[in-house]
Amino acid sequence: MALALAVLILMSLSGASLSDEAHIELPSQKHHCAENKVSHIHFYYHDIRNEENPSIVQIVETPSKVPNGFGSTFVMDDAMTEGPEMGSKHVGRAQGLFGLASLEDLGMFMLTNFAFTEGEFAGSTLSMVGRNPISEQNREMPIVGGTGAFRFATGYAIANSLDSVSTPQHFVVEYNVTVRHS
Ligand SMILES: *[C@@H]1O[C@H](CO)[C@@H](O)[C@H](O)[C@H]1NC(C)=O
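Residues numbered from 1 in each chain as written. Predicted model: local features only at pLDDT ≥ 70, side-chain atom pairs only at ≥ 80, totals over all residues.

## Overview of the environment of Phe150
Right, so step 1: Note that Phe150 resides in the loop between β7 (139–147) and β8 (154–161).
Right, so step 2: The residues contacting Phe150, other than those within four sequence positions of it, are Ser124, Thr125, Leu126, Val179 and His181. (Helix = DSSP H or I, 4+ residues; strand = E, 2+ residues; numbered from the N terminus. Contact = placed C-beta atoms within 7 Å.)

In structure tokens form, the structure reads like this:
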């Protein structure tokens, strides 16, 4: 308001015409830049590996002599929950592809879409692409985009395996996601 008034006063003093400047949007007038938010999202997901109701399925087998399971590839559609128990509130689905992509160690590639179904982010998605060194804790992976509330998203996820409650048939991973979005 004050700026607009100042511009008007300046123009009336100098005799400049409005139309000369109207087609340029100054950075200070791009309101969406100032409205970027940072959200912290905390959830768990559950890899279920069994015969009847698996949420991860291996789609590529690896030859037996290849080290570190290199090449093994899986598809996932995991429940995302508020707490570490499968019975806690479901907040979305973690869907995507992952596989062992490191000859030297247990390093996975992750192509994951987090589809939120509850709360303020219901209907929005976040996409994560990254390297996941599964034998370590505090594994960092980039958030590369999103939809809905998460348009223009950039950020990072920190993943930690919950070894204390996990079994080979039910593996629980905690995610802390920090994301900047419009
Ligand atoms: C993840 O977030 C939870 C809840 O805010 C917090 O208690 C925990 O320390 C965080 N973990 C990491 C690794 O940042």
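Picking up after the structure, the text goes on.
## A short note on unusual backbone geometry
Right, so step 1: Backbone geometry places Asn138, a non-glycine residue, at a positive phi of 50°.
Right, so step 2: The phi dihedral of Phe152 falls on the positive side, at around 65°, and the residue is not glycine.
Right, so step 3: Phe152 gets classed as exposed once you count the C-beta atoms within 10 Å, which come to 12. (Buried ≥ 20, exposed ≤ 12 C-beta atoms within 10 Å, placed from the backbone.)

## Comments concerning the pairing of strand β6 (residues 125–133)
Right, so step 1: Two strands pair when backbone bridges link them, and strand β5 (residues 107–116) and β6 are joined in this way by 9 bridges, in the antiparallel orientation. Bridge pairing in β6 places Asn113 opposite Ser127.
Right, so step 2: Of the strand pairs in this sheet, β6 and β7 are connected by 4 bridges, and their pairing is antiparallel. Following the sheet pairing, Leu126 is matched in β7 by Gly146.
Right, so step 3: What sits between β6 and β7 in their antiparallel hairpin is a turn of 5 residues, with Asn138 showing a positive phi close to 50°. (Pairing = 2+ DSSP bridges.)

## Re the confidence of the model for the protein chain
Right, so step 1: Confidence in the prediction of the protein chain, expressed as mean pLDDT, is 88, and 81% of residues score 70 or more.
Right, so step 2: Note on residues 5–11: pLDDT under 50 across the span, and 2 contacts to partners over four residues away in sequence or across chains. (pLDDT = per-residue confidence, 0-100.)

## What to know about the pairing of strand β9 (residues 170–181)
Right, so step 1: Note that strand β1 (residues 37–48) and β9 share 12 bridges and pair antiparallel. Across the sheet, His42 pairs through a bridge with Asn176, a residue of β9.
Right, so step 2: Looking at chain direction, β8 and β9 are connected through 8 bridges and run antiparallel. Following the sheet pairing, Ser161 is matched in β9 by Val173.

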